[in-house]
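Next come the chains, spelled out residue by residue.
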Amino acid sequence: MDNTKVCEWCEEKTAHGDQSSVYWELPDGSRAIQIADVPSMSCSHCGMEYQEEGVINEIEDQLMLIDTKLIDKVVAYKDLMKLPRLLKKNYFRY
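This one's a predicted model, so the numbers in the text were calculated from it and none came from an experiment.

Conventions and cut-offs
- The written sequence of each chain sets the order in which its residues are numbered from 1.
- At least 70 in pLDDT is required for a residue's local features to be given in this predicted model, at least 80 for side-chain atom pairs to be given and counted, and no such filter applies to totals for whole chains, interfaces and linings, which use all residues.
- Where side-chain values are given, they derive from all heavy atoms of the structure, hydrogens and water being excluded.
- Cysteine sulfur atoms are paired as a disulfide whenever they fall within 2.5 Å.
- Here's how the labels work: a residue is buried when its accessible area is under 20% of the maximum for its type, exposed when over 50%, partly exposed in between, all with a 1.4 Å probe on protein chains only.
- Secondary structure elements are defined from DSSP: runs of H or I of at least 4 residues count as helices, runs of E of at least 2 residues count as strands, and each element is numbered from the N terminus.
- A helix is expected to span 1.5 Å for every residue after the first.
- A contact between two residues is defined here by any heavy atoms of the two lying within 4.5 Å.
- Pairing of N or O atoms within 3.5 Å defines a polar contact, subject to two protein rules: one partner must be a possible hydrogen donor and the other a possible acceptor, and residues neighboring in sequence count only if both atoms are side-chain atoms.

A few words now on the state of the cysteines. All chains considered together, the criterion is met by zero disulfides. Free of any disulfide, Cys-7 has its nearest neighbouring cysteine sulfur in Cys-43, separated by 3.8 Å. For Cys-7, a relative accessible area of 2% corresponds to the buried category. Under the relative-accessibility criterion, Cys-43 is labelled buried at 3%.

Printed below as a string of structure tokens:
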């Protein structure tokens with residue numbers, strides 16, 4: 001079974017699921033954090049590593065809806081997504 005996808009950067013069908021660490025600025029601009037083990041795509045053709053739009057939206061929504069003071073400088077993606085939300089959803093996303 002072929003699990004490759006079309007790369008969003010080079011448009012070759014050589015991207016596959018991976019995990020990576022990313023740096024993200026908090027919504028209030030106070031600091032950046034490192035998020036480890038984020039679901040990512042990695043392209044064997046162009047070498048680009050990136051997150052798909054759905055993952056980006058999940059991270060941005062979660063950071064908008066939690067008390068960011070609870071986050072250390074480095075947090076695992078799964079741990080970040082488990083933090084309790086102050087609101088149920090991001091009402092600014094349509």
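Before going further, it helps to examine helix H1 (residues 53-65). Since one α-helical turn is 3.6 residues long, residues separated by three or four positions face the same way. Helix length check: H1 (13 residues) gives 18 Å between terminal C-alpha atoms against 18 Å at 1.5 Å per residue, within 8%. Of the positions making up H1, those classed as buried are Val-55, Ile-59, Asp-61, Gln-62, Leu-63 and Leu-65. Here the buried face of H1 lies against strand E1 (15-25), strand E2 (32-43) and helix H2 (77-82).

Attention shifts here to the side chain of Gln-34. The topology assignment puts Gln-34 in strand E2. In this structure the side chain of Gln-34 is engaged in a polar contact, spanning 3.5 Å, whose partner is the side chain of Tyr-23. The contact partners of Gln-34, leaving out residues within four places of it in the chain, are Ser-21, Val-22, Tyr-23, Lys-73, Val-74 and Val-75.

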